[in-house]
Amino acid sequence: MKFGIYYSYWEREWSADCLKYVEKVARLGFDVLEIAAHHLNGYAPAHIAEIGRAARGNGITLTAGLGPSPQKNLSSPDPAIRKAGRAFFEETLGNLAKLDIHIIGGALHSYWPIDYSKPVDKAGDRARGLEGISSLADFAAGLGVNLCIEVLNRFENHVLNTAEEGVAFVREIGKPNVKVMLDTFHMNIEENGFSEAIRTAGPLLGHFHTGENNRRVPGKGRLPWHEIGSALREIGYGGAVVMEPFVKMGGGVGSDIKVWRDLSDDANEAQMDEAARQAVAFSRYVLG
Ligand SMILES: O=C(CO)[C@H](O)[C@H](O)[C@H](O)CO
Ligand SMILES: [Mn+2]
(Lines give C-alpha, C1' and ligand atoms only; values in the text may rest on other atoms or scores of the structure.)
(Ligands and ions follow the chains in the order given, each with its own letter.)
Protein backbone atom coordinates (compact mmCIF):
# COMPACT_ATOMS: atom_id res chain seq x y z
CA MET A 1 0.00 0.00 0.00
CA LYS A 2 1.12 3.52 -0.72
CA PHE A 3 -0.16 6.48 1.28
CA GLY A 4 -1.15 9.80 -0.16
CA ILE A 5 -3.07 13.02 0.27
CA TYR A 6 -5.20 15.14 -2.07
CA TYR A 7 -3.69 18.64 -2.17
CA SER A 8 -7.17 20.16 -1.92
CA TYR A 9 -6.64 19.76 1.87
CA TRP A 10 -4.65 22.98 1.68
CA GLU A 11 -6.44 24.74 -1.19
CA ARG A 12 -9.73 26.53 -1.85
CA GLU A 13 -9.80 25.94 -5.63
CA TRP A 14 -9.47 22.74 -7.69
CA SER A 15 -7.43 24.82 -10.14
CA ALA A 16 -4.69 25.56 -7.57
CA ASP A 17 -1.16 24.77 -8.68
CA CYS A 18 0.04 21.42 -7.34
CA LEU A 19 3.78 21.99 -7.79
CA LYS A 20 4.50 23.33 -4.31
CA TYR A 21 2.84 20.30 -2.70
CA VAL A 22 5.20 17.73 -4.22
CA GLU A 23 8.10 18.57 -1.92
CA LYS A 24 5.79 19.34 1.02
CA VAL A 25 4.02 15.97 1.05
CA ALA A 26 7.31 14.09 0.63
CA ARG A 27 8.64 15.95 3.68
CA LEU A 28 5.49 15.10 5.66
CA GLY A 29 5.93 11.37 5.02
CA PHE A 30 3.59 10.64 2.08
CA ASP A 31 4.37 8.44 -0.95
CA VAL A 32 1.57 9.80 -3.14
CA LEU A 33 0.23 13.24 -4.04
CA GLU A 34 -3.21 13.37 -5.61
CA ILE A 35 -3.75 16.33 -7.90
CA ALA A 36 -6.97 17.73 -9.33
CA ALA A 37 -7.35 16.95 -13.03
CA HIS A 38 -10.05 19.60 -13.53
CA HIS A 39 -7.71 22.23 -14.99
CA LEU A 40 -4.74 20.11 -15.98
CA ASN A 41 -5.34 20.90 -19.66
CA GLY A 42 -4.69 24.57 -18.83
CA TYR A 43 -1.18 23.87 -17.51
CA ALA A 44 1.63 24.91 -19.87
CA PRO A 45 3.67 21.95 -21.21
CA ALA A 46 6.79 23.30 -19.46
CA HIS A 47 4.90 23.36 -16.16
CA ILE A 48 3.73 19.79 -16.63
CA ALA A 49 7.34 18.77 -17.25
CA GLU A 50 8.44 20.63 -14.10
CA ILE A 51 5.81 18.88 -11.95
CA GLY A 52 6.92 15.51 -13.34
CA ARG A 53 10.56 16.30 -12.53
CA ALA A 54 9.65 17.42 -9.00
CA ALA A 55 7.70 14.19 -8.41
CA ARG A 56 10.60 12.04 -9.62
CA GLY A 57 13.11 14.06 -7.61
CA ASN A 58 11.08 13.73 -4.41
CA GLY A 59 10.16 10.06 -4.91
CA ILE A 60 6.46 10.97 -5.10
CA THR A 61 3.90 9.04 -7.14
CA LEU A 62 1.14 11.23 -8.54
CA THR A 63 -2.51 10.23 -8.85
CA ALA A 64 -5.38 12.35 -10.17
CA GLY A 65 -8.84 13.19 -8.84
CA LEU A 66 -11.70 14.59 -10.87
CA GLY A 67 -15.26 15.70 -10.39
CA PRO A 68 -16.30 16.28 -14.03
CA SER A 69 -18.23 19.49 -14.64
CA PRO A 70 -21.80 19.35 -16.06
CA GLN A 71 -20.36 20.51 -19.42
CA LYS A 72 -17.99 17.48 -19.54
CA ASN A 73 -20.54 14.92 -18.40
CA LEU A 74 -20.19 11.57 -20.20
CA SER A 75 -23.72 10.63 -19.09
CA SER A 76 -25.50 13.76 -20.30
CA PRO A 77 -28.63 13.22 -22.43
CA ASP A 78 -27.20 15.91 -24.73
CA PRO A 79 -24.87 14.30 -27.32
CA ALA A 80 -22.91 17.58 -27.70
CA ILE A 81 -22.04 17.51 -23.99
CA ARG A 82 -21.04 13.84 -24.16
CA LYS A 83 -18.80 14.71 -27.12
CA ALA A 84 -17.23 17.61 -25.18
CA GLY A 85 -16.72 15.22 -22.26
CA ARG A 86 -14.96 12.71 -24.47
CA ALA A 87 -12.65 15.38 -25.92
CA PHE A 88 -11.91 16.68 -22.41
CA PHE A 89 -11.06 13.18 -21.18
CA GLU A 90 -8.81 12.44 -24.16
CA GLU A 91 -6.81 15.62 -23.59
CA THR A 92 -6.71 15.07 -19.81
CA LEU A 93 -5.59 11.46 -20.16
CA GLY A 94 -2.77 12.56 -22.48
CA ASN A 95 -1.61 15.04 -19.84
CA LEU A 96 -1.86 12.42 -17.09
CA ALA A 97 0.42 10.15 -19.11
CA LYS A 98 2.97 12.98 -19.42
CA LEU A 99 3.00 13.18 -15.61
CA ASP A 100 3.44 9.41 -15.32
CA ILE A 101 0.00 9.26 -13.65
CA HIS A 102 -1.63 5.84 -13.90
CA ILE A 103 -4.74 6.41 -11.81
CA ILE A 104 -7.59 8.85 -12.15
CA GLY A 105 -10.47 8.58 -9.69
CA GLY A 106 -13.82 10.27 -9.23
CA ALA A 107 -17.34 10.22 -10.64
CA LEU A 108 -15.84 9.90 -14.13
CA HIS A 109 -19.03 8.29 -15.41
CA SER A 110 -21.17 11.29 -14.44
CA TYR A 111 -20.70 14.84 -13.19
CA TRP A 112 -20.13 16.20 -9.72
CA PRO A 113 -21.63 17.48 -7.52
CA ILE A 114 -25.11 16.72 -8.85
CA ASP A 115 -27.60 19.53 -9.24
CA TYR A 116 -30.65 18.03 -7.56
CA SER A 117 -32.89 20.92 -8.56
CA LYS A 118 -33.15 19.04 -11.90
CA PRO A 119 -35.09 15.77 -12.38
CA VAL A 120 -33.06 12.61 -11.72
CA ASP A 121 -32.81 9.86 -14.34
CA LYS A 122 -30.71 7.22 -12.64
CA ALA A 123 -31.22 4.45 -15.21
CA GLY A 124 -30.58 6.73 -18.19
CA ASP A 125 -27.52 8.36 -16.61
CA ARG A 126 -26.12 4.97 -15.64
CA ALA A 127 -26.56 3.58 -19.17
CA ARG A 128 -24.98 6.62 -20.85
CA GLY A 129 -22.16 6.79 -18.27
CA LEU A 130 -21.47 3.11 -18.78
CA GLU A 131 -21.26 3.57 -22.53
CA GLY A 132 -18.99 6.64 -22.11
CA ILE A 133 -16.53 4.87 -19.80
CA SER A 134 -16.60 1.64 -21.84
CA SER A 135 -15.69 3.47 -25.00
CA LEU A 136 -12.96 5.49 -23.24
CA ALA A 137 -11.36 2.50 -21.49
CA ASP A 138 -9.13 1.29 -24.35
CA PHE A 139 -7.93 4.83 -25.06
CA ALA A 140 -6.97 5.16 -21.37
CA ALA A 141 -5.35 1.71 -21.39
CA GLY A 142 -3.21 2.77 -24.35
CA LEU A 143 -1.82 5.52 -22.11
CA GLY A 144 -1.43 3.18 -19.13
CA VAL A 145 -4.19 4.87 -17.10
CA ASN A 146 -6.75 3.12 -14.88
CA LEU A 147 -10.18 4.73 -14.69
CA CYS A 148 -11.34 4.38 -11.07
CA ILE A 149 -15.06 4.95 -10.70
CA GLU A 150 -15.82 6.51 -7.34
CA VAL A 151 -18.85 5.43 -5.36
CA LEU A 152 -20.31 8.57 -3.76
CA ASN A 153 -22.99 9.25 -1.19
CA ARG A 154 -26.55 10.05 -2.27
CA PHE A 155 -26.21 13.80 -1.67
CA GLU A 156 -23.37 14.10 -4.21
CA ASN A 157 -24.36 11.60 -6.89
CA HIS A 158 -27.23 9.27 -7.70
CA VAL A 159 -25.71 6.74 -10.11
CA LEU A 160 -23.46 4.67 -7.81
CA ASN A 161 -23.95 4.92 -4.04
CA THR A 162 -22.72 1.54 -2.80
CA ALA A 163 -19.82 -0.80 -3.42
CA GLU A 164 -22.33 -3.30 -4.81
CA GLU A 165 -23.56 -0.78 -7.39
CA GLY A 166 -19.95 0.16 -8.23
CA VAL A 167 -18.95 -3.47 -8.73
CA ALA A 168 -21.97 -4.20 -10.95
CA PHE A 169 -21.11 -1.16 -13.10
CA VAL A 170 -17.44 -2.07 -13.44
CA ARG A 171 -18.22 -5.76 -14.13
CA GLU A 172 -20.63 -4.76 -16.87
CA ILE A 173 -17.87 -2.69 -18.48
CA GLY A 174 -15.49 -5.64 -18.11
CA LYS A 175 -12.25 -3.82 -18.95
CA PRO A 176 -9.15 -4.52 -16.86
CA ASN A 177 -8.30 -0.82 -16.47
CA VAL A 178 -11.75 0.21 -15.21
CA LYS A 179 -11.89 -0.25 -11.45
CA VAL A 180 -14.03 0.58 -8.44
CA MET A 181 -13.02 3.36 -6.08
CA LEU A 182 -14.29 3.60 -2.52
CA ASP A 183 -14.09 6.49 -0.07
CA THR A 184 -14.60 5.96 3.66
CA PHE A 185 -16.55 9.23 4.07
CA HIS A 186 -19.17 8.08 1.54
CA MET A 187 -19.12 4.48 2.80
CA ASN A 188 -19.94 5.70 6.29
CA ILE A 189 -23.19 7.14 4.93
CA GLU A 190 -24.26 4.40 2.54
CA GLU A 191 -22.79 1.00 3.41
CA ASN A 192 -24.11 -1.54 5.92
CA GLY A 193 -20.54 -2.27 6.95
CA PHE A 194 -17.01 -1.24 5.99
CA SER A 195 -15.51 -4.76 5.77
CA GLU A 196 -18.47 -6.02 3.79
CA ALA A 197 -18.15 -3.18 1.25
CA ILE A 198 -14.38 -3.60 0.89
CA ARG A 199 -14.81 -7.36 0.43
CA THR A 200 -17.52 -6.72 -2.18
CA ALA A 201 -15.05 -4.62 -4.18
CA GLY A 202 -12.26 -7.20 -3.63
CA PRO A 203 -9.88 -7.42 -6.59
CA LEU A 204 -11.82 -4.74 -8.45
CA LEU A 205 -10.78 -2.07 -5.92
CA GLY A 206 -8.50 0.27 -7.85
CA HIS A 207 -8.23 3.32 -5.62
CA PHE A 208 -9.18 4.21 -2.06
CA HIS A 209 -9.95 7.55 -0.40
CA THR A 210 -9.92 8.02 3.32
CA GLY A 211 -11.52 10.69 5.44
CA GLU A 212 -13.31 10.75 8.76
CA ASN A 213 -17.09 10.85 9.22
CA ASN A 214 -16.83 14.66 9.05
CA ARG A 215 -13.90 14.73 6.60
CA ARG A 216 -11.24 15.60 9.14
CA VAL A 217 -7.92 13.78 8.78
CA PRO A 218 -7.96 10.04 9.56
CA GLY A 219 -7.52 9.49 13.28
CA LYS A 220 -9.49 12.54 14.43
CA GLY A 221 -13.00 11.15 14.11
CA ARG A 222 -14.91 7.97 14.77
CA LEU A 223 -14.47 5.69 11.75
CA PRO A 224 -13.43 2.09 12.57
CA TRP A 225 -9.91 2.27 11.12
CA HIS A 226 -8.79 -1.13 12.45
CA GLU A 227 -11.76 -2.80 10.73
CA ILE A 228 -11.03 -0.91 7.50
CA GLY A 229 -7.33 -1.89 7.66
CA SER A 230 -8.12 -5.56 8.27
CA ALA A 231 -10.50 -5.65 5.31
CA LEU A 232 -7.96 -3.97 3.00
CA ARG A 233 -5.31 -6.50 4.06
CA GLU A 234 -7.79 -9.37 3.67
CA ILE A 235 -8.46 -8.51 0.02
CA GLY A 236 -4.71 -7.99 -0.54
CA TYR A 237 -5.17 -4.35 -1.57
CA GLY A 238 -1.84 -3.09 -2.87
CA GLY A 239 -2.94 0.24 -4.34
CA ALA A 240 -2.93 3.80 -3.07
CA VAL A 241 -4.73 4.94 0.06
CA VAL A 242 -5.22 8.67 -0.42
CA MET A 243 -6.58 10.76 2.40
CA GLU A 244 -9.01 13.43 1.30
CA PRO A 245 -9.60 15.69 4.27
CA PHE A 246 -11.59 18.91 3.90
CA VAL A 247 -11.39 21.17 6.92
CA LYS A 248 -11.44 24.76 5.65
CA MET A 249 -14.30 26.80 4.26
CA GLY A 250 -14.26 28.85 1.11
CA GLY A 251 -13.82 28.85 -2.66
CA GLY A 252 -15.01 26.24 -5.12
CA VAL A 253 -13.69 23.39 -2.95
CA GLY A 254 -15.53 24.63 0.16
CA SER A 255 -18.79 25.05 -1.73
CA ASP A 256 -18.59 21.74 -3.68
CA ILE A 257 -17.75 19.85 -0.48
CA LYS A 258 -20.17 21.96 1.61
CA VAL A 259 -17.82 23.03 4.33
CA TRP A 260 -19.67 25.69 6.28
CA ARG A 261 -17.50 25.82 9.41
CA ASP A 262 -13.84 25.52 10.20
CA LEU A 263 -13.04 21.91 11.12
CA SER A 264 -9.32 22.51 11.57
CA ASP A 265 -9.38 24.18 14.99
CA ASP A 266 -8.37 27.35 13.10
CA ALA A 267 -5.09 25.75 12.10
CA ASN A 268 -2.42 27.78 10.32
CA GLU A 269 -0.41 26.16 7.53
CA ALA A 270 2.23 24.72 9.88
CA GLN A 271 -0.51 23.18 12.05
CA MET A 272 -2.28 21.82 8.95
CA ASP A 273 1.03 20.23 7.92
CA GLU A 274 1.51 18.71 11.35
CA ALA A 275 -2.02 17.23 11.33
CA ALA A 276 -1.31 15.68 7.90
CA ARG A 277 2.04 14.30 9.14
CA GLN A 278 0.35 12.66 12.11
CA ALA A 279 -2.50 11.35 9.96
CA VAL A 280 -0.18 9.59 7.52
CA ALA A 281 1.78 8.02 10.38
CA PHE A 282 -1.54 6.87 11.87
CA SER A 283 -2.74 5.55 8.49
CA ARG A 284 0.43 3.54 7.91
CA TYR A 285 0.13 2.05 11.38
CA VAL A 286 -3.54 1.16 11.24
CA LEU A 287 -4.13 0.40 7.53
CA GLY A 288 -0.75 -0.77 6.19
O1 LIG B 1 -15.02 12.27 -2.54
C2 LIG B 1 -15.14 13.10 -3.41
C3 LIG B 1 -16.22 14.10 -3.36
O4 LIG B 1 -16.95 14.05 -2.19
C5 LIG B 1 -14.21 13.07 -4.59
O6 LIG B 1 -13.19 12.16 -4.35
C7 LIG B 1 -13.52 14.35 -4.99
O8 LIG B 1 -13.55 15.30 -3.98
C9 LIG B 1 -14.03 14.95 -6.28
O10 LIG B 1 -14.12 13.97 -7.24
C11 LIG B 1 -13.11 16.07 -6.79
O12 LIG B 1 -11.88 15.57 -7.26
MN1 LIG C 1 -13.32 10.90 -2.50
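Residues numbered from 1 in each chain as written. Chains lettered and ligands numbered in written order. Predicted model: local features only at pLDDT ≥ 70, side-chain atom pairs only at ≥ 80, totals over all residues. Heavy atoms only, no water.

An unreviewed UniProt entry annotates the protein chain as D-psicose 3-epimerase originating from Roseiarcus fermentans. In UniProt, the protein chain has this text filed under Sequence similarities (unreviewed entry): "Belongs to the hyi family." Recorded under Catalytic activity (unreviewed entry), the UniProt text for the protein chain is reproduced unchanged: "D-allulose = keto-D-fructose". (UniProt positions renumbered as here; feature names shortened; annotations may be inferred.)

Student: Could you give an account of the coordination of the manganese ion (ligand 2), naming the residues involved and the relevant values?
Tutor: With distances of 2.1 to 2.3 Å, the protein atoms coordinating the manganese ion (ligand 2) are Glu 150 (OE), Asp 183 (OD), His 209 (ND1) and Glu 244 (OE). Classification of the site at the manganese ion (ligand 2) as octahedral follows from its six donor atoms and the range of 71 to 178° in their angles at the metal. Within one chain, the residues serving as donors to the manganese ion (ligand 2) are arranged as E-x32-D-x25-H-x34-E. Of this pair, Glu 150 sits in strand β5 (residues 146–150) while Glu 244 sits in the loop between β8 (240–243) and α9 (251–257), and the two are 94 residues apart along the sequence. Like Glu 150, the residue Glu 244 is buried in the burial classification. (Donors = N, O, S within 2.8 Å, 3.2 Å for Na, K, Ca; no water. Tetrahedral: all angles 85-135°; square planar, octahedral: opposite > 155°, others 65-115°. Helix = DSSP H or I, 4+ residues; strand = E, 2+ residues; numbered from the N terminus. Buried < 20%, exposed > 50% of the residue type's maximum accessible area, 1.4 Å probe, protein only.)

Student: Lay out the nonpolar core in plain terms, naming residues and giving numbers.
Tutor: Ranked by internal contacts, the top residues of the largest apolar core, which has 92 residues, are Tyr 7, Ile 104, Leu 182 and Phe 208. The biggest single contributor to this core is helix α10 (residues 269–287), with seven residues. Not counting chain neighbours up to four residues away, the residues in contact with Phe 208 comprise Leu 182, Thr 184, Met 187, Ile 198, Ile 228, Leu 232, Tyr 237, Ala 240, Val 241 and Val 242. (Core = buried A, V, L, I, M, F, W, Y, C linked by side-chain atoms within 4.5 Å. Contact = heavy atoms within 4.5 Å.)

Student: Pulling in residues and values, what's your account of the UniProt feature "domain: Xylose isomerase-like TIM barrel" (unreviewed entry) in the protein chain?
Tutor: Per the UniProt record, "domain: Xylose isomerase-like TIM barrel" (unreviewed entry) is annotated on residues 22–259. Counted over residues 22–259, helix gives 44% and strand 15%. Its end C-alpha atoms are 25 Å apart.

Student: So, the site of ligand 1: which residues are in play, and what are the values?
Tutor: Close to ligand 1 lie 16 residues; Tyr 6, Glu 150, Glu 156, His 186 and Glu 244 are nearest. Within the side chain of Glu 150, a nitrogen or oxygen atom sits 2.7 Å from an oxygen atom of ligand 1. Here Glu 156 contributes a side-chain N or O atom positioned 2.5 Å from an oxygen atom of ligand 1. For ligand 1, whose unbound accessible area comes to 320 Å², protein coverage reaches 99%. (Near = heavy atom within 4 Å. Polar contact = N/O pair within 3.5 Å; in protein donor to acceptor, adjacent residues only side chain to side chain. Areas by Shrake-Rupley, 256 points an atom, 1.4 Å probe, with all protein chains shown as cover.)

Student: Hey, could you go over the pairing of strand β4 (residues 103–106) for me, with residue numbers and the actual values?
Tutor: Of the two faces of β4, both are covered, the one formed by Ile 103 and Gly 105 as well as the one formed by Ile 104 and Gly 106. Relative to β4, strand β3 (residues 61–66) is paired through three bridges, and the arrangement is parallel. Within β4, the residue paired with Ala 64 across the bridge is Ile 104. Each parallel crossover has a hand, and the one from β3 via helix α3 (residues 79–98) to β4 is right-handed. In the sheet, β4 pairs with β5 via four bridges, with the strands oriented parallel. Bridge assignment links Gly 105 to a residue of β5, and that residue is Cys 148. Remark: the β4/helix α4 (residues 122–142)/β5 crossover connection has right-handed handedness. (Pairing = 2+ DSSP bridges. Right-handed = clockwise from strand over helix to strand, strands pointing away.)

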